[in-house]
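Listed here are the chains, written in short residue letters.
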Amino acid sequence: MHHAHTDAQSLSAYEAHLTADQRRAIEETAADLTGLHVAHVNTTAGGGGVAEMLHGVVPIANDLGVDTDWLVMEAPDEFFDVTKAIHNGLQGGDREFTTEMRELYRSVTRRNADALDGAYDVLVLHDPQTLGMIPTITERFPETALVWRCHIDLTDATPAYLDFAQSYVEPVDTAVFTLPAYGEAISGVEKVIIHPAIDPLTEKNRPLDELSGEAAEAAALENYPFDPSRPLLVQISRFDPWKDPQGVIETYRTVTASVPDAQLALVGAMPEDDPEGIEVFRELEAIAEDDGDVHLLTNLPDAGINAVQRHADVVLQKSLREGFALTVSEALWKGTPVVGANVGGIPLQIDDGENGFLIDPRNIEQTADRVTRLLEDDQLRRRLGERGRETVREAFLTPRLVGDFLTLLADVTPTN
Ligand code: UDP
């Protein structure tokens, strides 16, 4: 295991995004935790929602006096093949879970638990990759409180994988899920709900005029192939069938019947090691090939994502299935109205007709109708966009997440 590097960050940097009461409550909770030694454990220091969240939460906790480390497991590529199968299996995938896979998982997680140096008061283990460390940790450090932060929706888990996860969780003090339904299938452990959050100070989310150097260059609209003077519909998502990019193109085509000058940008990361992503991308290229107003944009830097989310007239998140969808909060925070599927964490963020629209993602007509209504009505766009920003300010920014984590630490260490 190695320590992940984080840039220093303080709660006071978020002053503009916190009320005095919120700030006081967070500081008071932190003061009660002084002397505690905490570590988060995951499998990557960069890329993905967990790392994004820890880059904010870990340095702020330290700034508040709660000694917090971030440990990253060390593992060979074959381990990640296995943990990807476990991840998919917990979401309903049905790849066979062989004895070899289980043994590789056990030996790598045990090795990492053996490498843990020093006792922590609390270990926060993220996702299924870390679960196999539990037997060794409980043997070596019986006093350590254990939290399992599961970011996955387990409602449709394949039994072999669910049983495997269940076999590890019994010693855990608290399991944390994004929504109550996600953890219902897990038993014998105390559960709490914590919603994810976005960081308003990153290059992805801060105002464009606060960017400089390469980030400012990446945000310049001249870099992008769409026409900034015409209506723009955007979806930002991995090229994944569950994000339904083909349905987005169908929606866009229906919209153009009423708004003929509309354009579409589908923005997605294209990791070279994700053959499924490349396949979906090629299918989209084939579908979009004869339409100069459908733009497929890959691997934009954070400042570019920021610029496109701000420039969009409407952001669509037409997922068939979702965990939380950080992309929804990211767009709402920028005052861009969102049409989102009524699945997973999206209805947590969108109140239909109030700060955006919720749609049935299998209903193209309804989706296109909501997009069209927004594209045709400047006032409606402005009104929903403004309210969306307030929703995120109140519920989905990093300081609230820091507060939730500190409360959790207080709950699992009652003597503090
Ligand atoms: N993202 C990105 N570049 C892309 C596509 C997505 O940086 O080309 C980011 C996006 O801004 C968000 C995250 O990846 O921060 C996706 O999180 P979300 O919860 O929406 O979906 P997930 O990929 O976890 O299913």
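Report follows, based on the coordinates. (Residues numbered from 1 in each chain as written. Predicted model: local features only at pLDDT ≥ 70, side-chain atom pairs only at ≥ 80, totals over all residues. Heavy atoms only, no water.)

Looking at the sheet that holds strand β12 (residues 338-341)
Selection criterion: Strand pairing is assigned whenever DSSP identifies at least 2 bridges connecting the two strands. Each helix is a run of H or I in the DSSP string that is no shorter than four residues. Each strand is a run of E no shorter than two, and both are numbered from the N terminus. Note on geometry: axes are C-alpha line fits, over the in-contact stretch for helices, and angles between N-to-C directions span 0 to 180 degrees.
Pairing within the open sheet is parallel, and its 6 strands lie in the order β10-β9-β8-β11-β12-β13. In this open sheet, the two strands that pair with only one neighbour each are β10 (294-298) and β13 (357-359). Each strand of the sheet is rotated relative to its neighbour by a mean of 20°, with strand direction disregarded. The pairing of strand β11 (residues 314-317) with β12 spans 3 bridges and is parallel.

What to know about the site of the ligand
Worth spelling out the cut-off: One heavy atom within 4 Å of a molecule or strand makes the whole residue count as near it. Under this definition, polar contacts are N or O atom pairs within 3.5 Å; protein pairs additionally need one hydrogen-donor-capable and one acceptor-capable atom, and for neighbouring residues in sequence, both atoms have to be side-chain atoms. When residues are grouped by polarity, Ala, Val, Leu, Ile, Met, Phe, Trp, Tyr, Cys and Pro land in nonpolar, Asp, Glu, Lys and Arg in charged, and all others, Gly among them, in polar.
Near the ligand you find Lys204, Ile236, Arg238, Lys243, Gly268, Ala269, Ile305, Ala325, Leu326, Thr327 and Glu330, and these make up its full shell. Here an oxygen atom of the ligand and a side-chain polar atom of Arg238 are 2.8 Å apart. Measuring from an oxygen atom of the ligand, one finds a backbone N or O atom of Thr327 at 3.2 Å. Broken down by element, the residue count for the shell around the ligand peaks at 3 residues, all from helix α11 (residues 326-333). In terms of residue class, the shell around the ligand is made up of 5 nonpolar, 2 polar and 4 charged.

A few points about helix α13 (residues 364-376)
Helical geometry note: an α-helix holds 3.6 residues per turn, so side chains three or four residues apart project in the same direction. Rules: A helix's residues, less one, multiplied by 1.5 Å, set its expected span. Type-normalised accessible area, obtained with a 1.4 Å probe on protein chains alone, sets the label of each residue: buried when under 20%, exposed when over 50%, and partly exposed for intermediate values. By the convention used here, residues are in contact when the closest approach between their heavy atoms is within 4.5 Å.
The end-to-end C-alpha distance of α13, which contains 13 residues, comes to 18 Å, matching closely the 18 Å that a straight helix rising 1.5 Å per residue would cover. Buried residues of α13: Ile364, Thr367, Ala368, Arg370, Val371, Thr372, Leu374 and Leu375, and no others. Against β8 (232-236), α8 (245-255), β11, β12, β13 and α14 (378-395) lie the buried residues of α13. Capping the start of α13, Asn363 holds a side-chain oxygen 3.3 Å from the backbone nitrogen of Glu365, two or three residues further along.

Quick notes on the pairing of strand β6 (residues 174-177)
Consecutive side chains of a regular strand alternate in pointing toward one face of the sheet and then the other. Inclusion rule: For the handedness criterion, the strands are oriented away from the viewer, and a crossover whose path from the first strand over the helix to the second runs clockwise is classed as right-handed.
Residues Thr174 and Val176 line one face of β6 and the alternating positions Ala175 and Phe177 line the opposite face, and both faces are buried. Alignment of strand β5 (residues 145-149) against β6, held across 3 bridges, turns out to be parallel. Bridging across to β6, Val147 finds its partner in Thr174. Handedness of the crossover joining β5 and β6 through helix α6 (residues 159-169) is recorded here as right-handed. As judged from the 4 bridges shared by β6 and strand β7 (residues 190-193), these two strands associate in the parallel manner. Of the residues in β7, the one forming a bridge with Phe177 is Ile193.

Here's the deal with the side chain of Thr174
Mapped onto the elements, Thr174 comes out in strand β6. What Thr174 contacts, discounting residues up to four positions off in sequence, is Leu146, Val147, Trp148, Val189, Glu190, Val192, Leu408 and Val412.

Observations concerning the packing of helix α3 (residues 77-90) against α6
Going by this rule: Under this scheme an angle from 65 to 115 degrees is roughly perpendicular, one under 35 degrees roughly parallel, and one over 145 degrees roughly antiparallel; angles in between are oblique.
It is the contact of α3 with α6, at a shortest axis distance of 8 Å, that shows an interaxial angle of 110°. For the element pair α3 / α6, the angle class is roughly perpendicular. For the pair α3 and α6, the contacting residues are Ala85, Ile86, Gly89 and Leu90 in the first and Tyr161, Leu162, Phe164 and Ala165 in the second.

Points about the sheet that holds strand β3 (residues 67-72)
Taken in spatial order, the 7 strands line up as β1-β3-β2-β4-β5-β6-β7 in an open sheet, and their pairing is mixed. The two strands at the open ends of the sheet, each matched to only one other strand, are β1 (2-3) and β7. Sheet contacts for helix α2 (residues 49-63): β2 (37-42), β3 and β4 (122-126); angle to β3, the most-contacted strand, approximately 155°.

Points about the environment of Ala119
Residue position: Ala119 is located in the loop between α4 (99-114) and β4. C-alpha of Ala119 to C-alpha of Leu162: the two residues are 43 residues apart in sequence and 29 Å apart in space.

A word on the environment of Phe239
Assignment of secondary structure puts Phe239 in the loop between β8 and α8. Sequence spacing of Phe239 and Leu104 is 135 residues, and the spatial spacing of their C-alpha atoms is 29 Å.

Notes on the side chain of Asp153
Take Asp153: it is sitting in the loop between β5 and α6. For Asp153, a relative accessible area of 8% translates into the label buried. Separated by 2.5 Å, the side chains of Asp153 and Thr155 make a polar contact. The contact partners of Asp153, leaving out residues within four places of it in the chain, are Leu90, Gln91, Tyr182, Arg321 and Glu322.

With respect to the nonpolar core
Cut-off, in case you're wondering: We define a nonpolar core as any set of buried Ala, Val, Leu, Ile, Met, Phe, Trp, Tyr and Cys residues linked to one another through side-chain atoms lying within 4.5 Å.
Counting residues in each nonpolar core, the largest one holds 56 residues, and the members touching the most others are Val234, Leu264, Leu266, Val267, Val339 and Ile346. The contacts of Ile346, once residues within four sequence positions are left out, are Gln317, Ser319, Glu322, Phe324, Ala325, Val328, Gly340, Ala341 and Leu358. By size, the runner-up hydrophobic cluster in this structure holds 42 residues, among which are Val41, Leu71, Phe97 and Ile186.

Some details on the pairing of β12
In β12, alternate side chains face the same way, and those of Val338 and Gly340 on one face and Val339 and Ala341 on the other are all buried. In this fold, the crossover linking β11 to β12 by way of α11 has right-handed handedness. The sheet contact formed by β12 and β13 spans 3 bridges and is parallel. Residue Val339 lies in a different strand from β13, and its bridge partner there is Phe357.

A short note on the pattern of salt bridges
For clarity, the cut-off: Between Lys or Arg on one side and Asp or Glu on the other, a salt bridge is scored when a side-chain nitrogen of the former is within 4 Å of a carboxyl oxygen of the latter.
One pass over the full model with this rule turns up 18 salt bridges. Residue Lys204 pairs with Glu52 through a salt bridge whose shortest N-O separation is 3.9 Å. Linking Lys204 in the loop between β7 and α7 (213-219) with Glu52 in helix α2, this pair joins segments that are 152 residues apart in sequence. A relative accessible area of 32% places Glu52 in the partly exposed class. Linking Arg381 and Asp378 is a salt bridge whose minimum nitrogen-to-oxygen distance equals 3.0 Å. Separated by 3 residues within a single helix, Arg381 and Asp378 lie in helix α14, roughly one turn from each other. Residue classification places Asp378 among the partly exposed positions, given a relative accessible area of 45%. The structure contains a network of salt bridges with shared partners spanning Glu15, Arg23 and Glu27.

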